[in-house]
Amino acid sequence: MSGLNAFPDLRLRRLRRTAGLRAMFDLEVPSPAKWCWPTFVVPGLGIKEEIASMPGQYRYSVDQLLPAVEAVVKQGIGSVLLFGQHDHAKDNGGSGAWDDHGPVQEAVRHLKRAFPELTVMTDVCLCAYTHHGHCAPLRPDGSLDNDAGCECLAKVALSHAAAGADVVAPSAMMDGQVAAIRTALSENQFDDTLLMAYSTKFCSGCYGPFRDAEQSAPQAVPGMPADRKGYQASYGNPRNALMESILDEQEGADILMVKPALFYLDMIRAVKEQTLLPVAAYNVSGEYSMLIATAERGWGDLRELVRESTLAMTRAGTDLIISYWASRYNEMFR
């Protein structure tokens, strides 16, 4: 910085005075290929049900999901991330999650046939399939059975890989889940299946609309509270949260994720500085819905809020943005 004179010789406003100058030097919004659309698939036919807490997002049966994804693909979006529900009775271990004919598995098959170039990702978890809403089986005393959970998650990942998923993404935050899934994939010759770890996933207050959409809120049972603080990362302990990503890389993850995104930009940067792997950020349901609510009350312009928040994730070091805004890319960014 030596040799620069202060005002009036140095005028930084010169570099941002016109739209042309700003376009020349500003970061660009990530192209649609850098975005992933998370969406919800349910059993049945002819279902397109708007999610009240997430305006503009829907639950789809497989037949209705295909035209919705086609519209997303036409915008250039590079991938989708599927979350599923099941019409069978929920149980302690979430066995419906690895049903070979479950909605996610069927959706993967249909999507890969219809859009062979689309990268299809699947969420690997149990909470929407267990009767208690937790991400692993519970022991008789109500405590979480971490290791049994890893075995169940491996079964889910295998069923998704067998259906044709390009990427499996474990989100349960069980210790050792990435190693268990990587071993299962290798033993079953799914060596090319990518593993995206929800590696630094916080126990956040921003998941409410998602849990409404997925019907996956945790329940209080004897020995287990109605929250996931015992296994999701604590937002008050960033070093422990960062270690989760370091360990997931060691266990065989191909992509690391920070979730949520906007409340945890410092953690995106911290993970980025610790790895050479791609870093994804999940711009979660609460972050999506709060911008809509702000705009609906007249407290901000939605398009500007979305663009500004997107650049915040980009500046922090995000390589892949997982966001509900992906389905509205043309509306927000073109």
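Before any of the text, the structure's been laid out above.
A short tour of the structure in this document, coming up. Remember, it's a predicted structure, so these values are computed and weren't measured experimentally.

This part takes up the overall build of the protein chain. Each helix and strand counted, the protein chain has 11 helices and 10 strands in total. On C-alpha atoms alone, the protein chain measures out to a radius of gyration of 21 Å, which is about the 20 Å that the 2.2 N^0.38 rule sets for 334 residues. Viewed in the frame of its principal axes, the protein chain has a C-alpha envelope of about 75 × 45 × 40 Å. Per-residue burial over the protein chain gives 51% buried out of 334 residues. Taking the contacts inside the protein chain whose residues are at least 6 apart along the sequence as the reference set, 74% of them involve residues at least 24 apart.

The next thing to look at is the nonpolar core. Judged by nonpolar contacts, the single largest core of 102 residues is most densely connected at Leu81, Leu82, Met174, Met196, Tyr282, Ile322 and Trp325. Examining the composition of this core, we find that 7 residues originate from one element, helix H4 (residues 146-163), more than from any other. Apart from the residues lying within four places of it in its own chain, the contact partners of Leu81 are Cys36, Trp37, Pro38, Thr39, Met121, Thr122, Asp123, Ala169, Tyr198, Tyr282 and Ile322.

Per the counting criterion, the structure on display carries 8 salt bridges. Residues Arg109 and Glu106 are paired through a salt bridge, measuring 3.4 Å at the closest nitrogen-oxygen approach. Of this pair, Arg109 and Glu106 both sit in helix H3 (residues 103-114), 3 residues apart, which is roughly one turn of that helix. Owing to a relative accessible area of 22%, Arg109 belongs among the partly exposed residues under this scheme. Owing to a relative accessible area of 21%, Glu106 belongs among the partly exposed residues under this scheme. Across the pair Asp254 and Arg182 runs a salt bridge, and its minimum N-O distance is 2.6 Å. Linking Asp254 in the loop between helix H7 (238-251) and strand S8 (255-259) with Arg182 in helix H5 (residues 177-187), this pair joins segments that are 72 residues apart in sequence.

With that settled, the discussion passes to helix H9 (residues 285-296). In this model, H9 (12 residues) spans 16 Å end to end at C-alpha, consistent with the 16 Å of a helix rising 1.5 Å per residue. Of all the residues in H9, the buried ones are Ser285, Gly286, Glu287, Tyr288, Ser289, Leu291 and Ile292. At its buried positions, H9 is contacted by helix H6 (208-214), strand S9 (279-283) and helix H10 (302-316). One or two steps after H9, the chain reaches Gly298, where phi turns positive at roughly 80°.

This paragraph deals with the side chain of Thr122. Checked against the element boundaries, Thr122 lands in strand S5 (residues 119-124). One polar contact links Thr122 to His160, side chain to side chain, over a distance of 2.8 Å. Excluding its chain neighbours within four sequence positions, the residues that come into contact with Thr122 are Leu81, Leu82, Val104, Val108, His160, Ala165, Val167, Val168 and Ala169.

Attention shifts here to the pairing of S9. Within S9, 5 of the 5 residues are buried, leaving the element largely enclosed by the surrounding structure. Burial along S9 is two-sided: Val279, Ala281 and Asn283 facing one way and Ala280 and Tyr282 facing the other are all buried. Note: S8 against S9, 3 bridges, orientation parallel. By the bridge assignment, Leu256 is partnered in S9 with Val279.

A few words now on the packing of aromatic side chains. One pass over the structure, following the stated rule, counts 15 aromatic pairs. Between Phe83 and Tyr282, the aromatic rings sit 6.4 Å apart at their centres with planes inclined by 45°, giving tilted as the arrangement. Here Phe83, found in strand S4 (residues 79-84), pairs with Tyr282, found in strand S9; they are 199 residues apart in sequence, far enough to count as distant. Given a relative accessible area of 2%, Phe83 falls into the buried group. You can call Tyr282 buried: its relative accessible area is 1%.

This next bit is on the packing of helix H8 (residues 265-274) against H10. The relative placement of two packed helices comes down to the angle between their axes together with the axis-to-axis distance. Running from N to C, H8 and H10 point in directions that differ by 30°, and their axes come no closer than 8 Å. As far as their axial angle goes, H10 and H8 are roughly parallel. Touching Leu265, Ile268, Arg269 and Lys272 of H8 are Ala312, Met313, Arg315 and Ala316, all from H10. Looking at the contact of H8 with H10 residue by residue, the classes come out as 5 nonpolar, no polar and 3 charged.

Turning our eyes to something else, we now look at a nonpolar patch on the surface. A cluster of nonpolar side chains, contributed by Leu10, Leu12, Leu15, Met24 and Phe25, occupies part of the molecular surface with about 530 Å² of accessible area. Looking at the secondary structure, you find Phe25 in helix H1 (residues 19-25).

Here H7 contains 14 residues, and its C-alpha end-to-end distance of 20 Å stays within 8% of the 20 Å for a straight helix at 1.5 Å per residue. Those residues of H7 that fall on the buried side of the exposure criterion are Ala241, Leu242, Glu244, Ser245 and Asp248. Take H7 and look down its axis: the buried residues cluster within an arc of 140°, on one side only. Exposed and oriented more than 90 degrees from the buried face of H7 are Arg239 and Gln250. Each element contacted by the buried residues of H7 is listed here: H5, strand S7 (194-201), S8 and H8.

Conventions adopted
Residues numbered from 1 in each chain as written. Predicted model: local features only at pLDDT ≥ 70, side-chain atom pairs only at ≥ 80, totals over all residues. Heavy atoms only, no water. Helix = DSSP H or I, 4+ residues; strand = E, 2+ residues; numbered from the N terminus. Rg over C-alpha atoms; globule rule 2.2 N^0.38 Å. Buried < 20%, exposed > 50% of the residue type's maximum accessible area, 1.4 Å probe, protein only. Contact = heavy atoms within 4.5 Å. Core = buried A, V, L, I, M, F, W, Y, C linked by side-chain atoms within 4.5 Å. Salt bridge = Lys/Arg side-chain N within 4 Å of Asp/Glu carboxyl O. Expected span 1.5 Å × (residues − 1). Polar contact = N/O pair within 3.5 Å; in protein donor to acceptor, adjacent residues only side chain to side chain. Pairing = 2+ DSSP bridges. Phe/Tyr/Trp six-rings, centres within 6.5 Å; stacked < 30°, edge-to-face > 60°. Axes fitted to C-alpha atoms, helices over the stretch in contact; angles between N-to-C directions. Parallel < 35°, antiparallel > 145°, perpendicular 65-115°, else oblique. Nonpolar A, V, L, I, M, F, W, Y, C, P; charged D, E, K, R; others polar. Patch = residues over 30% accessible without salt bridge, like charges linked within 9 Å, V, L, I, M, F, W, Y side chains within 5 Å. Areas by Shrake-Rupley, 256 points an atom, 1.4 Å probe, with all protein chains shown as cover. Arc of directions from axis to C-beta.

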